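Summary of the model geometry
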Amino acid sequence: MTSSKNNIVHKERGAMDEEKAKKYEAFLGHPLTLTEMRLVPYVHYCAVNQERIEREKVSPEEKAILEDWTDKGWCICYPFNVEVAASPEFWKLACDILWDFYCHELAQERDA
């Protein structure tokens, strides 16, 4: 009989890691930046709640990123008067970023 023990692998919330940043280079065309990493949770929140990005909550640098992502067809999050929508590829990217940089991991050990 096997039993399993759950162990939480704690991650420092929002801590940039160069190795993880490079993981996203194939999709983004460059390593993930700290600003992009920090913007993803807000875009994700707006998408799942069918909300618009609030102009007052983003910096000029973040606005440029949102405009770029929209121009590339990855999501619709700019202009600010539209509800956020995402392509399946962008949604997977956002969830992977949330997992890598924000979510504690549940690791399972199995005893024989």
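Preceding this section is the structure that the text describes.
Note that the coordinates shown come from a computational prediction; the quantities given were computed from them, not determined experimentally.

The contact between helix 3 (residues 34–48) and helix 5 (residues 88–102) brings their axes to 10 Å, and the two run at 125 degrees. Overall, the two elements helix 3 and helix 5 adopt an arrangement that is oblique. With respect to the hand of their crossing, helix 3 and helix 5 are arranged in left-handed fashion. Of helix 5, the residues touching helix 3 (which contributes Met37, Arg38, Val40, Pro41, Val43, His44, Ala47 and Val48) are Phe90, Trp91, Ala94, Cys95, Ile97, Leu98, Phe101 and Tyr102. Each residue belonging to the contact of helix 3 with helix 5 can be placed in one class, and the counts come to 14 nonpolar, one polar and one charged.

Within the structure shown, the criterion is met by five salt bridges. With its nearest N and O atoms 3.2 Å apart, the salt bridge here joins Asp68 to Lys72. Overall, the relative accessible area of 41% leaves Lys72 in the partly exposed class.

Turning our eyes to something else, we now look at helix 4 (residues 60–71). Look at helix 4: 16 Å from first C-alpha to last across 12 residues, which is about the 16 Å you get at 1.5 Å a residue. Along its buried surface, helix 4 packs onto helix 2 (25–28), helix 3, strand 2 (75–76) and helix 5. Just past helix 4, the residue Gly73 takes up positive phi, approximately 80 degrees.

What follows concerns the environment of Asn81. If you trace the backbone, Asn81 turns up in the loop between strand 2 and strand 3 (85–86). Residue classification places Asn81 among the exposed residues on the basis of a relative accessible area of 54%.

Glancing now at helix 3. With 15 residues, helix 3 ought to run about 21 Å at 1.5 Å a step, and its terminal C-alpha atoms sit 22 Å apart, in line with that. Bending of helix 3 peaks at approximately 25 degrees at the position of Val40, with proline Pro41 no more than four residues after it. By the burial criterion, the buried members of helix 3 are Thr35, Glu36, Met37, Leu39, Val40, Tyr42, Val43, His44, Cys46 and Ala47. Looking at the packing, one finds that the buried side of helix 3 touches helix 2, helix 4 and helix 5. Remark: Gln50 follows helix 3 within two positions and exhibits a positive phi of approximately 50 degrees.

What follows covers the packing of aromatic side chains. Aromatic ring pairs: the centre-centre distance and the angle between the two ring planes describe each pair. Summed over all chains, the structure comprises four aromatic pairs. Taking the centre distance of 6.4 Å and the plane angle of 40 degrees together, the rings of Tyr24 and Phe101 count as tilted. Of the two residues, Tyr24 sits in the loop between helix 1 (18–23) and helix 2 while Phe101 sits in helix 5, which places them 77 residues apart along the sequence. According to the relative accessible area criterion, Tyr24 is buried, its value standing at 3%. Given the relative accessible area of 1%, Phe101 is considered buried. The aromatic ring of Trp99 is capped on one face by Lys11, whose charged end is 4.3 Å from the ring centroid. A cation over a ring is seen here: Lys20 above Phe101, with NZ or CZ 5.7 Å from the ring centre.

Thresholds, definitions, all that
- Residues numbered from 1 in each chain as written.
- Predicted model: local features only at pLDDT ≥ 70, side-chain atom pairs only at ≥ 80, totals over all residues.
- Heavy atoms only, no water.
- Axes fitted to C-alpha atoms, helices over the stretch in contact; angles between N-to-C directions.
- Helix = DSSP H or I, 4+ residues; strand = E, 2+ residues; numbered from the N terminus.
- Parallel < 35°, antiparallel > 145°, perpendicular 65-115°, else oblique.
- Left-handed = near helix turned anticlockwise from the far one by under 90°.
- Contact = heavy atoms within 4.5 Å.
- Nonpolar A, V, L, I, M, F, W, Y, C, P; charged D, E, K, R; others polar.
- Salt bridge = Lys/Arg side-chain N within 4 Å of Asp/Glu carboxyl O.
- Buried < 20%, exposed > 50% of the residue type's maximum accessible area, 1.4 Å probe, protein only.
- Expected span 1.5 Å × (residues − 1).
- Bend = angle between axes of the 7 residues up to and from the residue.
- Phe/Tyr/Trp six-rings, centres within 6.5 Å; stacked < 30°, edge-to-face > 60°.
- Lys NZ or Arg CZ within 6 Å of the ring centre and 35° of its normal.

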